[in-house]
Amino acid sequence: TIPSEIGQLKLLEELHLENNQLTGTIPSEIGRSRQVKWLHLESNQLTGTIPPEIGRLGQAETLSLHNNQLTGTIPSEIFRSGTHFLDLQNNQLTGNLDPIICGYSRSVDEVYADCAGDPPKIICSCCHECPEA
């Protein structure tokens, strides 16, 4: 489990918790760690939704959340963080990213999502990779 106290780490720039079999949710308090540039939570067993507070990571260059069990829609706030690389593949996320990022791709250079399939779980005409479900 990622503790809510993670938000108290005000000077944290990199958080690498990938491949640790972590369970539970991403705490909303993570948005308080505003200096984070690289957030790697991939390949765990995280559940629940992506907290909108993740958009407060104003320095975030990389958000890697793939290979978890995240659900719900992708919060538009995630794109306020200035993220250049976003990987959301292999989760249970749904929604339409086109109005959020395809028109605003000023900062997002690479987006990976579950946008293949019929029907796709995520609609994203500007995603860089859409793996087969």
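Throughout what follows, the structure given in this document is the object of discussion. Treat the numbers as computed from the prediction; the structure is a model and nothing was measured.

Quick notes on the overall build of the protein
Now for step 1: Check the secondary structure of the protein and you find one helix and ten strands.
Now for step 2: Mapped in sequence order, the helices and strands of the protein form the string β-β-β-β-β-β-β-β-α-β-β.
Now for step 3: The C-alpha radius of gyration computed for the protein amounts to 14 Å, which stays within 12% of the reference 14 Å derived for 133 residues, consistent with globular compactness.
Now for step 4: Viewed in the frame of its principal axes, the protein has a C-alpha envelope of about 40 × 30 × 20 Å.
Now for step 5: Across the 133 residues that make up the protein, the buried fraction comes to 43%.
Now for step 6: Pairs at least 24 residues apart make up 45% of the contacts formed inside the protein by residues separated by at least 6 positions.
Now for step 7: With the model as given, the accessible surface of the protein reaches about 6700 Å², and the carbon-plus-sulfur share is 45%.

Here we look at the packing of aromatic side chains
Now for step 1: As enumerated under the stated definition, the model contains one aromatic pair in all.
Now for step 2: Residues Phe85 and Tyr112 carry aromatic rings whose centres are separated by 5.5 Å and whose planes lie at 50° to one another, so their mutual orientation is tilted. With Phe85 in strand E7 (residues 85-87) and Tyr112 in strand E9 (residues 110-112), this residue pair connects regions lying 27 residues apart in the sequence.
Now for step 3: Taking the relative accessible area as the measure of exposure, Phe85 reaches 24% and is therefore partly exposed.
Now for step 4: By relative accessible area, which is 15% here, Tyr112 ends up buried.

Here's the deal with the pattern of salt bridges
When their charged atoms lie close together, side chains carrying opposite charge are able to pair.
Now for step 1: As enumerated under the stated definition, the model contains one salt bridge in all.
Now for step 2: With a shortest N-O distance of 3.6 Å, Lys121 and Asp114 are connected by a salt bridge.
Now for step 3: On the accessibility criterion, Lys121 (31% relative accessible area) is partly exposed.

Side note on the pairing of strand E4 (residues 45-48)
Now for step 1: Examined bridge by bridge, strand E2 (residues 23-24) and E4 share two bridges and lie parallel to one another. Looking at the pairing, Thr23 lines up with Gln45 of E4.

Overview of the sheet that holds E7
Now for step 1: Pairing is parallel in the open sheet, where five strands are placed in the order E1-E3-E5-E7-E9. Two strands bound the open sheet, and with one partner strand each, they are strand E1 (14-16) and E9. Strand-to-strand twist in this sheet, taken as the mean axis angle between neighbours without regard to direction, amounts to 5°.
Now for step 2: Sheet analysis places E1 next to strand E3 (residues 38-40), joined by three bridges and oriented parallel. Residue pairing for E3: Leu15 is matched across the bridge by Leu39.

Quick word on the pairing of strand E8 (residues 92-96)
Regular strands show a simple pattern: their side chains alternate between the two faces of the sheet.
Now for step 1: Pairing analysis gives three bridges linking strand E6 (residues 69-73) to E8, with the strands arranged parallel. Considered in E8, the bridge of Gly72 is made with Leu93.
Now for step 2: Direction of pairing for E8 relative to strand E10 (residues 122-123): parallel, over a ladder of two bridges. By the bridge assignment, Gly95 is partnered in E10 with Ile122.

Cut-offs used in this document
Residues numbered from 1 in each chain as written. Predicted model: local features only at pLDDT ≥ 70, side-chain atom pairs only at ≥ 80, totals over all residues. Heavy atoms only, no water. Helix = DSSP H or I, 4+ residues; strand = E, 2+ residues; numbered from the N terminus. Rg over C-alpha atoms; globule rule 2.2 N^0.38 Å. Buried < 20%, exposed > 50% of the residue type's maximum accessible area, 1.4 Å probe, protein only. Contact = heavy atoms within 4.5 Å. Areas by Shrake-Rupley, 256 points an atom, 1.4 Å probe, with all protein chains shown as cover. Phe/Tyr/Trp six-rings, centres within 6.5 Å; stacked < 30°, edge-to-face > 60°. Salt bridge = Lys/Arg side-chain N within 4 Å of Asp/Glu carboxyl O. Pairing = 2+ DSSP bridges. Axes fitted to C-alpha atoms, helices over the stretch in contact; angles between N-to-C directions.

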